[in-house]
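Coordinate inspection notes
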Amino acid sequence: RGTGTAINSISINPMNINIVYAGTQAGLYKSENHGKNWVRVFRGIGGLEGHILSVAISPVNPEVIFIGTYAGFFHTDDGGSNWRKEQNLPSEAVVSSIAVHPSEPHIIYAATDRGLYKSVNNGMDWERVIVTTTTENVNILDQVDAGEVNGIETEIKGIVIDPADARKVYVGTSEGLLITENGGLTWIMAGSSGLISRDIHHLVVSSSDPDGVYAATSRGVFRYSKVSKRWMELYKGLTSIDIRSLAFEPLNSKILWAVTKGGVFKTIPMIQNATSKDEEVEAEKLLSNFTDEPSVVEIMEAAIRYAEVHPEKIDRWRTAAAKSAWLPDLRVGYDKGKDWQSSTYFYSTTTQKYTDDDITLDRDWSWSVSLTWELGELIWNDDQTSIDTRSRLMVQLRDDVLNEVTRLYFERRRLQIEMLYSPSKEIMDRIEKKLRLQELTADIDALTGFYLSKRLGRARWQNEARRTSYKERMSD
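First, a word on what this report is: a plain description of the structure on this page. Not measured: the values here are computed from a predicted model.

Some words on the overall build of the chain
The number of helices and strands found in the chain is 7 helices and 26 strands. Residues classed as buried in the chain amount to 40% of the 476 residues present. Contacts in the chain between residues at least 24 apart in sequence constitute 46% of all its contacts with a sequence separation of at least 6. About 28600 Å² of surface is accessible on the chain, with carbon and sulfur atoms providing 53% of the total.

Here it is as structure tokens:
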């Protein structure tokens, strides 16, 4: 209290939850009474060393603490009384994340601005296993849906060591998920199928879900399956998509917490199980309540039309650019001139005087018309380069619009099913869900030019007309 310092990392003693460490921009603070009082146990020399980015505690000896700063990696064996700087790691490296294996604590990984480093002797010696600079290479066995990995600038933001196998490590980067199964000798870029954003902020795993790796991204929470190699978005009830950090509860590893830009959320990830035929029939019957509503494909088409990012627009650009080469360069010229000359003849005698002026006037004008064709532009012209740039931007915009409207559509549908299948008994909860349904409808309308509300209104009018007609026939 009163320090005005930003907190970058928090770590809790695994054997005594009253002891908490907070990494701040002004050093490492320690509390022994669950955060009521704090004392600074690491200051560093200068602002860079004192700016703590990451904190990790040994799972078998809580007196062993590792911290990453803006100027290197530090280590203590006595709970923070004495510190030493690891010299085998670049002293000026920015250490943003640290991972210690839960059962083999001598294996440590540290993410820096220069790449990923690995130590197998408690941080005494380090080896760089991933390079993130543009001048060096990283040994990538295979690239799947991620393009070239070597030679690009990428930022490592999260590290997870497989609890069951220390050789398997998952690294979240700004370009996707990197995986190694041999302790960092070779790396594979995971596929991005189902992953909306490759910019991964944080990674976690759960002991109750050995097949899954959970990623926090700027577009939501995603689960990666080690078996199917696919991603699945977890967004039921998650109203904020900018996810900063994730954590599973130690006592109930099925409960996942998400820290987002819009608040903290708590959920229970559901693992799909086989369903009976009766349950499938019941599900189909439940979904039949929404037959009057537009499908997701109709909503996507409406969003594309409203944003004017349909693929035909690019084709029209290219066609117009090609036809423009048939139009000549037309130039019209007009020239006008005027000439004027004069001379005077004069003589005089005693009896007669004579003078004569010789004046000549002349006007002229001319017209010219020229037509010029550049036949080479029939094959390629400079407009095509501009169209290529604009088309790439438009494709990216179209993908963003489609991803957002699809997410909103299915979140709205899940909320509708929840309200219909298991209505809440609390009036405030029912009101909150109705307001959330209206909010999701408005969000979709904003992306489609009110297409959803117009369709819903037309469907209500048609249903009302059918009911009125039916009543009239019954009365007759």
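Some details on helix H3 (residues 296-307)
Since there are 3.6 residues in each turn of an α-helix, residues three or four apart along the chain are aligned in direction. Across its 12 residues, H3 extends 16 Å between first and last C-alpha, which sits within 8% of the 16 Å expected from 1.5 Å per residue. Looking at H3, one finds that the buried residues are Val296, Ile299, Ala302, Ala303 and Ile304. Just downstream of H3, Glu308 is the residue with a positive phi angle, here 55°.

Looking at the sheet that holds strand E20 (residues 220-225)
As summarised here, the arrangement of the 4 strands in space is E18-E19-E20-E21, forming an open sheet in which the pairing is antiparallel. Here the strands that pair on one side only, and so sit at the sheet edges, are strand E18 (200-206) and strand E21 (231-234). Mean inter-strand twist for the sheet, computed between neighbouring axes without regard to direction, equals 30°. In this structure, E20 lies alongside E21, joined through 4 bridges in antiparallel fashion.

Details of the pairing of strand E23 (residues 256-260)
Only one face of E23 is buried, namely the one carrying Leu256, Ala258 and Thr260, since none of Trp257 and Val259 on the opposite face is buried. As defined by bridge partners, strand E22 (residues 243-248) adjoins E23 across 5 bridges and the pair is classed as antiparallel. Following the sheet pairing, Leu246 is matched in E23 by Ala258. As paired strands, E23 and strand E24 (residues 263-267) are joined by 5 bridges and run antiparallel to one another. Bridging from a neighbouring strand, Thr260 pairs with Gly263 of E24. Where E23 hands over to E24, the hairpin turn is made up of 2 residues, counted between the paired strands.

Some points on the sheet that holds strand E3 (residues 27-31)
Spatial strand order, E1-E2-E3-E4: 4 strands in an open sheet with antiparallel pairing. Two strands lie at the open edges of the sheet, namely strand E1 (7-12) and strand E4 (39-42), each paired on one side alone. Neighbouring strand axes in the sheet, compared pairwise and without regard to direction, differ in orientation by 30° on average. As paired strands, E3 and E4 are joined by 3 bridges and run antiparallel to one another. Its bridge partner being in E4, Leu28 is matched across the sheet by Phe42.

Some remarks on the environment of Lys261
Topologically, Lys261 is positioned in the loop between E23 and E24. For Lys261, a relative accessible area of 64% gives the class exposed. The contacts of Lys261, once residues within four sequence positions are left out, are Ser240, Asp242 and Arg244.

Thoughts on the environment of Gly220
When you line up the elements, Gly220 lands in strand E20. The exposure class assigned to Gly220 is buried, which follows from its relative accessible area of 2%. Sequence separation of Gly220 and Thr239 is 19 residues, and the distance between their C-alpha atoms is 9.3 Å. Those residues in contact with Gly220 that lie beyond four places of it in its chain are Ala215, Ile241 and Ile243.

Things to note about the nonpolar core
Membership of the largest hydrophobic core comes to 16 residues, with the highest contact counts inside it found for Tyr109, Leu116, Ile130, Ile159, Val169, Val171 and Trp187. At the level of elements, strand E10 (108-112), strand E12 (127-131), strand E14 (156-161), strand E15 (169-173) and strand E17 (187-189) are the ones that each hand at least two residues to this core. Listed in part, the 15 residues of the second largest apolar core include Ala302, Leu408, Ile444 and Tyr451.

Things to note about the packing of aromatic side chains
What the rule picks out here adds up to 7 aromatic pairs. Relative to Phe74, the ring of Phe42 lies with its centre 4.9 Å away and its plane at 55°, an arrangement referred to as tilted. Taken together, the residues span a long stretch of sequence, with Phe42 in strand E4 and Phe74 in strand E7 (residues 72-76) at a distance of 32 residues. Neither residue differs from the other here; Phe42 and Phe74 are each classed as buried. Three or more aromatic residues joined by ring pairs make a cluster, and in this case those are Phe42, Phe74 and Trp83.

Quick look at helix H6 (residues 427-448)
In a regular helix each residue adds 1.5 Å, so 22 residues correspond to 32 Å; H6 covers 32 Å between its end C-alpha atoms and thus fits that length. Lys433, Arg436, Leu437, Leu440, Thr441, Ile444, Asp445 and Thr448 are the residues of H6 that are buried. Gly449 lies just past H6 and shows a positive phi near 70°.

A few points about the pattern of salt bridges
On inspection of all chains with the given rule, the structure shows 22 salt bridges. Among the salt bridges present, the one from Arg223 reaches Asp211, with a minimum N-O distance of 3.3 Å. Here Arg223 is found in strand E20, whereas its partner Asp211 is found in strand E19 (residues 209-217), with 12 residues between them in sequence. On the basis of relative accessible area, Arg223 is assigned to the buried category, the value being 11%.

Cut-offs and rules
- Numbers given for residues are sequential positions, taken from 1 along each chain in its written order.
- It should be noted that, the model being predicted, local features are given only for residues of pLDDT at least 70 and side-chain atom pairs only at 80 or more, the latter also being counted only at that level, while totals for whole chains, interfaces and linings use all residues.
- Computation of side-chain values: all heavy atoms of the structure, hydrogens and water removed.
- Only DSSP runs of H or I with at least four residues qualify as helices, and only runs of E with at least two residues qualify as strands; both kinds are numbered from the N terminus onward.
- For each residue, the accessible area found with a 1.4 Å probe, counting protein chains only, is set against the maximum for its type, and the residue is called buried under 20%, exposed over 50%, and partly exposed in between.
- A contact between two residues is defined here by any heavy atoms of the two lying within 4.5 Å.
- Only the protein chains shown count as cover for residues, with accessible areas throughout obtained via the Shrake-Rupley method and a probe of 1.4 Å.
- Each residue after the first adds 1.5 Å to the expected span of a helix.
- Strands qualify as paired when DSSP identifies two bridges or more between them.
- Orientation is described by axes fitted as lines to C-alpha atoms, over the contacting stretch for helices, and by angles from 0 to 180 degrees between their N-to-C directions.
- Throughout, nonpolar core names a set of buried Ala, Val, Leu, Ile, Met, Phe, Trp, Tyr and Cys residues whose side chains join them through atoms within 4.5 Å.
- Two rings from Phe, Tyr or Trp (for Trp, the six-membered ring) form a pair when their centres are within 6.5 Å of each other. A pair whose planes differ by under 30 degrees is stacked, one over 60 is edge-to-face, and the rest are tilted.
- Each reported salt bridge corresponds to a side-chain nitrogen of Lys or Arg within 4 Å of a carboxyl oxygen of Asp or Glu.

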